[in-house]
Amino acid sequence: MTFKELDLLEPILNALHTQGYTSPTPIQEQAIPKVLKGKDIMGCAQTGTGKTAAFAIPILQRLQTTKNTDQKRVIRALIVTPTRELAIQIDESFKDYGKNLKLQSAVIFGGVNQTSQVNRLRAGVDILVATPGRLLDLVGQRHINLRNLEIFVLDEADRMLDMGFIHDVKKIIKLIPEKRQTLFFSATMPKEITSLANSILTNPSHVAVTPVSSTAETIQQEMYFVDTENKKNLLIEVLNSNNIETALVFTRTKHGADKLVKILNRNQIKSEAIHGNKSQNARQNALNNFKNKSLRVLVATDIAARGIDIDQLEFVVNYDIPNIPETYVHRIGRTGRAGASGKAVSFCNTEEQAYVKDIQKLIGLTIPVVSNHSFPATGKVAAKKEQAPRFKKRFPERKKDNSRV
Ligand code: AMP
């Protein structure tokens, strides 16, 4: 499936091409046609699945193809999300995918002075991304008028509940027109969330990315406990001592991927990275070189690796342990395909041990530990390491200012 087959407008297709997106993710494939038809959506998907684009792309297309009857810009789409980090990311996505359109988006969140946000709103916006508290504040001060709203997105509804925003959300719903399109996203569906969804959606289409939980028996899995600063040395040792011809190595960040490639190449291990900041050409070249074995190691971030189909991939390395347990299953599922045998090794530092627990719970087995290697963990915690939130644990990353965003 290609984005073109989803009947997207040329300027949007071009913007996606610039982003380096080659094909829609499963949630995008499911949601985009439905949103374009004007349907309400009940979406069960986690961050990392491409969920933002699943609503942002069709919203841009709908706003572009239906006219604003007002003379001046009015807020036609509102996205409410629980944290400022998510709000900023969503706004950036609208700007990226809509860069060839004339639509304007803006983001508002609490914890900062409101003046620049109010000025931005005065200049006129079509799409507003907001956290609940600041939205209500600015509506109360009449800086925001939601009368003309056509599309409402409630993002990460379960997290809203966890963070105590559910009352704010209910207040927001009372402020928006009853006749509207509503897109509802939640990673989990506890009772309260289902009943909230039922109360605000009209005849919704359900879209879900099926959680995966089993790992093929043909994949040999191993766990190495190692300090962060020794991971690179361990990788070199593992690649050399196991006579590994080719390996797919996963890192959590694009920056991490680039850094690792430099180190490997310096150590005569030919490698390249594929991730969102690389052009499609560069990614394709790297992939071709990897397939024809002129490249020994391909370092990839999760989304970039999606859709890579390489027969008989012998070796997968989780250089960083994923914070979403399902991602582990997806990653290692790239080896041992169709009954072929494969090996997946994971490098776990002190901070990542909680993720390993979640993974083992999901796959229902304890991953065998390799302890006879040259860089055993000392239990040292890395000095300053940006750590992704453990997915199962709720709102761990917002220690300050999580009262009212
Ligand atoms: P999200 O689940 O919305 O947080 O998206 C996770 C990451 O996937 C973001 O960095 C997006 O830029 C990226 N992404 C979304 N859709 C695609 C796609 N179709 N192809 C490649 N990357 C994508």
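Keep in mind the model is a prediction, meaning the values are calculated, not measured. (Residues numbered from 1 in each chain as written. Predicted model: local features only at pLDDT ≥ 70, side-chain atom pairs only at ≥ 80, totals over all residues. Heavy atoms only, no water.)

Undergrad: I'm lost on the pattern of salt bridges in this one. Help?
TA: Opposite charge on two side chains allows them to pair when their charged atoms are near. Scanning the model with the defined rule gives 12 salt bridges in all. Note that Glu150 is salt-bridged to Arg76, the shortest N-O span being 2.7 Å. Of the two residues, Glu150 is situated in the loop between helix 6 (132-140) and strand 5 (151-154) and Arg76 in the loop between helix 3 (51-65) and strand 2 (77-80); the sequence distance between them amounts to 74 residues. Residue classification places Glu150 among the partly exposed residues on the basis of a relative accessible area of 28%. Arg76 gets classed as buried once you look at its relative accessible area, which sits at 2%. The partner of Lys231 in a salt bridge is Asp320, and the shortest N-O contact between them spans 3.9 Å. Here the residue Lys231 occupies a position in helix 10 (residues 231-241), and Asp320 occupies one in the loop between strand 12 (315-318) and helix 14 (325-332), the gap between them amounting to 89 residues. The pair Lys231 / Asp320 is uniform in exposure class, with both members buried. (Salt bridge = Lys/Arg side-chain N within 4 Å of Asp/Glu carboxyl O. Helix = DSSP H or I, 4+ residues; strand = E, 2+ residues; numbered from the N terminus. Buried < 20%, exposed > 50% of the residue type's maximum accessible area, 1.4 Å probe, protein only.)

Undergrad: Looking at this structure, how should I read unusual backbone geometry?
TA: For residues other than glycine, phi is negative in most cases, and the peptide bonds are mostly trans. Positive phi, normally seen in glycine, also occurs at Asp7, with a value near 60°. A positive phi is found at Gln268, a non-glycine position, where the angle reads about 60°. Positionally, Gln268 belongs in the loop between helix 11 (254-266) and strand 10 (271-274).

Undergrad: I tried to follow the sheet that holds strand 12 on my own but got confused; where do I start?
TA: The parallel open sheet is built from six strands, whose spatial order is 8-13-12-9-11-10. Because the sheet does not close on itself, it has two edges, and the strands there are strand 8 (219-225) and strand 10. Adjacent strand axes in the sheet meet at a mean angle of 20° when their direction is disregarded. Where strand 10 lies against strand 11 (residues 297-300), four bridges are found, and the strand directions are parallel. Considered in strand 11, the bridge of Glu272 is made with Leu298. In the packing of helix 14 onto the sheet, the strands contacted are strand 8, strand 9 (247-250), strand 12 and strand 13 (342-348), and the crossing angle to strand 12 comes to about 155°. (Pairing = 2+ DSSP bridges. Axes fitted to C-alpha atoms, helices over the stretch in contact; angles between N-to-C directions. Contact = heavy atoms within 4.5 Å.)

Undergrad: Sorry, what's going on with the packing of helix 10 against helix 11 here?
TA: Any two packed helices are characterised by the angle at which their axes cross and by the distance between the axes. At a minimum axis separation of 11 Å, helix 10 and helix 11 run at an interaxial angle of 50°. Judged on the interaxial angle alone, helix 11 and helix 10 are oblique. Pair helix 10 / helix 11 crosses with right-handed handedness. Contact residues: helix 10 offers Lys232, Leu235, Ile236 and Leu239, while helix 11 offers Leu260, Ile263 and Leu264. Of the residues assigned to the contact of helix 10 with helix 11, the class counts are six nonpolar, no polar and one charged. (Parallel < 35°, antiparallel > 145°, perpendicular 65-115°, else oblique. Left-handed = near helix turned anticlockwise from the far one by under 90°. Nonpolar A, V, L, I, M, F, W, Y, C, P; charged D, E, K, R; others polar.)

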